[in-house]
Amino acid sequence: MGYSPRMDEKRELLRHALATLAYRATRALEGAPDHFAGFAGIGRMPVQILSHMGDLFDWALSAALGRERWHDSQPQVWADEQHRFFESLKTFDSFLATGGPLQTSVERLLQGPVADALTHVGQLSMLRRLSGSPTHGENFYVASIAAGQVGTDQPAPVRTF
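What counts, and at which threshold
Residues numbered from 1 in each chain as written. Predicted model: local features only at pLDDT ≥ 70, side-chain atom pairs only at ≥ 80, totals over all residues. Heavy atoms only, no water. Helix = DSSP H or I, 4+ residues; strand = E, 2+ residues; numbered from the N terminus. Rg over C-alpha atoms; globule rule 2.2 N^0.38 Å. Buried < 20%, exposed > 50% of the residue type's maximum accessible area, 1.4 Å probe, protein only. Lys, Arg positive; Asp, Glu negative; His and termini not counted. Charge placed at Lys NZ, Arg CZ, Asp CG, Glu CD. Expected span 1.5 Å × (residues − 1). 1 Å grid on protein atoms, 1.4 Å probe; cavity = no way out; pocket = protein on both sides within 12 Å on 5 of 7 lines; lining within 4 Å. Points joined across faces, edges and corners; volume = space filled by probe spheres on them. Nonpolar A, V, L, I, M, F, W, Y, C, P; charged D, E, K, R; others polar. Bend = angle between axes of the 7 residues up to and from the residue. Axes fitted to C-alpha atoms, helices over the stretch in contact; angles between N-to-C directions. Parallel < 35°, antiparallel > 145°, perpendicular 65-115°, else oblique. Left-handed = near helix turned anticlockwise from the far one by under 90°. Contact = heavy atoms within 4.5 Å. Core = buried A, V, L, I, M, F, W, Y, C linked by side-chain atoms within 4.5 Å. Phe/Tyr/Trp six-rings, centres within 6.5 Å; stacked < 30°, edge-to-face > 60°.

Draft legend 1. Summary view of the overall build of the protein. The helix and strand tally for the protein stands at four helices and zero strands. Helices (α) and strands (β) of the protein occur, in sequence order from the N terminus, as α-α-α-α. In summary, the protein has a C-alpha radius of gyration of 16 Å against a globular reference of 15 Å for 161 residues, a match within 12%. Along the first, second and third principal axes, the C-alpha atoms of the protein reach 50 × 35 × 20 Å. Taking all 161 residues of the protein together, 43% fall into the buried category. One finds the centroid of the 15 positive side-chain charges in the protein at a distance of 4 Å from the centroid of its 17 negative side-chain charges.

Written out as structure tokens, the structure is:
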């Protein structure tokens, strides 16, 4: 697709969106009791949602590399699935950080896997409340989020409510 300063800005904004996703996912998952993984409140169980989120970023990387491939993974145990999601996210972000050529557009990556995963973080947060283990509200506008910060080692919330 070629180099241009505008593409770098788009890529950095996409990386910030990934860091935002990691931050929000961490907040939705931290402190969840072990039984939450199998909560069958409505639709998919949390472990199935998280497995799908890992699949989204495996797919995003394959699309970015020009070898688009989708795979429905069978959910693993809760802790392993959390690890897999953040590793998939980190692998995708690491590729974006290299500046290597994208074989799809930043816009498609944002509107597809990233937006889908953000929706699923909202589902996980709602399921936490339904399962009797709600998360704390937070002012995400003031959160310490930075591109490249896509692991589970997220900063503490700045302003909860």
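Draft legend 2. Geometry of helix α2 (residues 46–64). Helix length check: α2 (19 residues) gives 27 Å between terminal C-alpha atoms against 27 Å at 1.5 Å per residue, within 8%. Taken across its 19 residues, α2 has 16 buried, putting it largely inside the fold. Backbone geometry just after α2 places G66 at a positive phi near 80°.

Draft legend 3. Spatial organisation of the layout of surface pockets. The computed volume of the largest pocket comes to approximately 190 Å³. Around the largest pocket sit 13 residues that line it, and R24, V121, S125, T135 and F140 are the ones nearest its centre. Sorting the residues of the lining of the largest pocket by element identifies α1 (5–29) and α4 (106–130) as the ones contributing at least two each. For the lining of the largest pocket, a count of residues per class yields five nonpolar, five polar and three charged.

Draft legend 4. Region of the structure containing α4. Its 25 residues give α4 an end-to-end C-alpha distance of 35 Å, which sits within 8% of 36 Å, the value for a rise of 1.5 Å per residue. The largest bend in α4 comes to about 35°, at V114. Within the span of α4, buried status applies to V106, L109, P113, V114, A117, H120, V121, L124, L127 and R128. Downstream of α4 by one or two residues, G132 has phi in the positive range, about 90°.

Draft legend 5. View of the packing of α2 against α4. The geometry of α2 relative to α4 is characterised by a closest axis approach of 10 Å and an angle of 165° between their N-to-C directions. Taken together, the axis directions place α2 and α4 in an arrangement best described as roughly antiparallel. In the packing of α2 onto α4, the handedness of the crossing is left-handed. Along its contact with α2, which presents P46, I49, L50, H52, M53, L56, F57, W59 and A60, the element α4 presents L109, P113, V114, D116, A117, H120, V121, Q123, L124 and L127.

Draft legend 6. Local environment of the nonpolar core. L18, F57, F85, L89, F92 and L124 are the most contacted members of the largest nonpolar core, which totals 40 residues. Contributions of two or more residues to this core are made by α1, α2, α3 (78–98) and α4. Looking at this core element by element, the count peaks at ten residues for α1. If we ignore the near neighbours within four places in the chain, the residues touching L124 are A28, L29, F36, P46, I49, L50 and M53.

Draft legend 7. Fine view of the packing of aromatic side chains. Tallying each qualifying case throughout the model produces six aromatic pairs. Taking 5.8 Å as the distance between ring centres and 80° as the angle between the ring planes, the aromatic pair formed by F36 and W78 counts as edge-to-face. Highlighted residues: F36 in the loop between α1 and α2 and W78 in helix α3, separated in sequence by 42 residues. Between W59 and W70, the aromatic rings sit 5.8 Å apart at their centres with planes inclined by 80°, giving edge-to-face as the arrangement.

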